[in-house]
Amino acid sequence: MLQADKCCKDVAAIDVNMGCPKSFSISGGMGAALLAKPELIHDILTTLRNNLEIPVTCKIRLLRSPEDTIELARRIEKMGVSAIAVHGRMTYKRKQKSLLIH
């Protein structure tokens, strides 16, 4: 929290990237690994929103089904973030060129 607070003087917003599929992020419990931990997502975003005076946004990836993705996005919306970006690929489709569009 202290690091985020220090950054607030130099940035217009904080973005939490929960979409990074790179192995170093996932193995460290960061990036797309957070998608499997909705309680941790809640704790991170709520803590940031409650303690910072700048907007907090986040990026997620598509989950197993459109319904799961929409449910997570709605949960995140209730946490008060300013914006949610949804990457058009699932985590395991990192190197594929086509996007999944319904």
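Look up: the structure comes first, before these words.
Residues numbered from 1 in each chain as written. Predicted model: local features only at pLDDT ≥ 70, side-chain atom pairs only at ≥ 80, totals over all residues. Heavy atoms only, no water.

1. Focus on the overall build of the protein
On a plain count of helices and strands, the protein comes out with 4 helices and 3 strands. The burial tally for the protein puts 36% of its 102 residues in the buried class. Counted over contacts in the protein with a minimum sequence separation of 6, partners at least 24 positions apart contribute 67%. Element-wise, carbon and sulfur atoms account for 54% of the exposed surface of the protein, whose accessible area totals about 6800 Å². (Helix = DSSP H or I, 4+ residues; strand = E, 2+ residues; numbered from the N terminus. Buried < 20%, exposed > 50% of the residue type's maximum accessible area, 1.4 Å probe, protein only. Contact = heavy atoms within 4.5 Å. Areas by Shrake-Rupley, 256 points an atom, 1.4 Å probe, with all protein chains shown as cover.)

2. Quick notes on the sheet that holds strand β3 (residues 83-90)
Pairing within the open sheet is parallel, and its 3 strands lie in the order β1-β2-β3. Each edge of the open sheet is held by one strand with a lone partner, namely β1 (14-17) and β3. Strand after strand, the sheet turns through a mean of 20 degrees between neighbouring axes, direction not considered. Here strand β2 (residues 56-62) pairs with β3 via 6 bridges, running parallel. Along β3, the bridge assignment pairs Ile-60 with Val-86. Against the sheet, helix α4 (residues 66-78) touches β2 and β3, its axis set at about 170 degrees to β2. (Pairing = 2+ DSSP bridges. Axes fitted to C-alpha atoms, helices over the stretch in contact; angles between N-to-C directions.)

3. Section: the pairing of β1
Here β1 shows a clear split, with Ile-14 and Val-16 buried on one side and none of Asp-15 and Asn-17 buried on the other. Here 4 bridges tie β1 to β2, and the two strands are oriented parallel to one another. Following the sheet pairing, Ile-14 is matched in β2 by Val-56.

4. So, the side chain of Thr-57
By secondary structure assignment, the location of Thr-57 is in strand β2. Leaving out residues up to four positions away in the same chain, Thr-57 has contacts with Ile-14, Asp-15, Val-16, Ser-82 and Ala-83.

5. A few points about α4
Along its 13 residues, α4 runs 18 Å from first to last C-alpha, staying within 8% of the 18 Å computed at 1.5 Å per residue. The set of residues buried in α4 consists of Thr-69, Leu-72, Ala-73 and Ile-76. Mapping the buried residues of α4 onto a view down its axis gives an arc of 100 degrees, with all of them on the same face. Pointing more than 90 degrees away from the buried face of α4 are the exposed residues Glu-67, Arg-74 and Lys-78. Summarising the contacts, the buried residues of α4 are in contact with α3 (38-51), β2 and β3. (Expected span 1.5 Å × (residues − 1). Arc of directions from axis to C-beta.)

The quantities given are spatial measurements derived from coordinates; they are silent on function.
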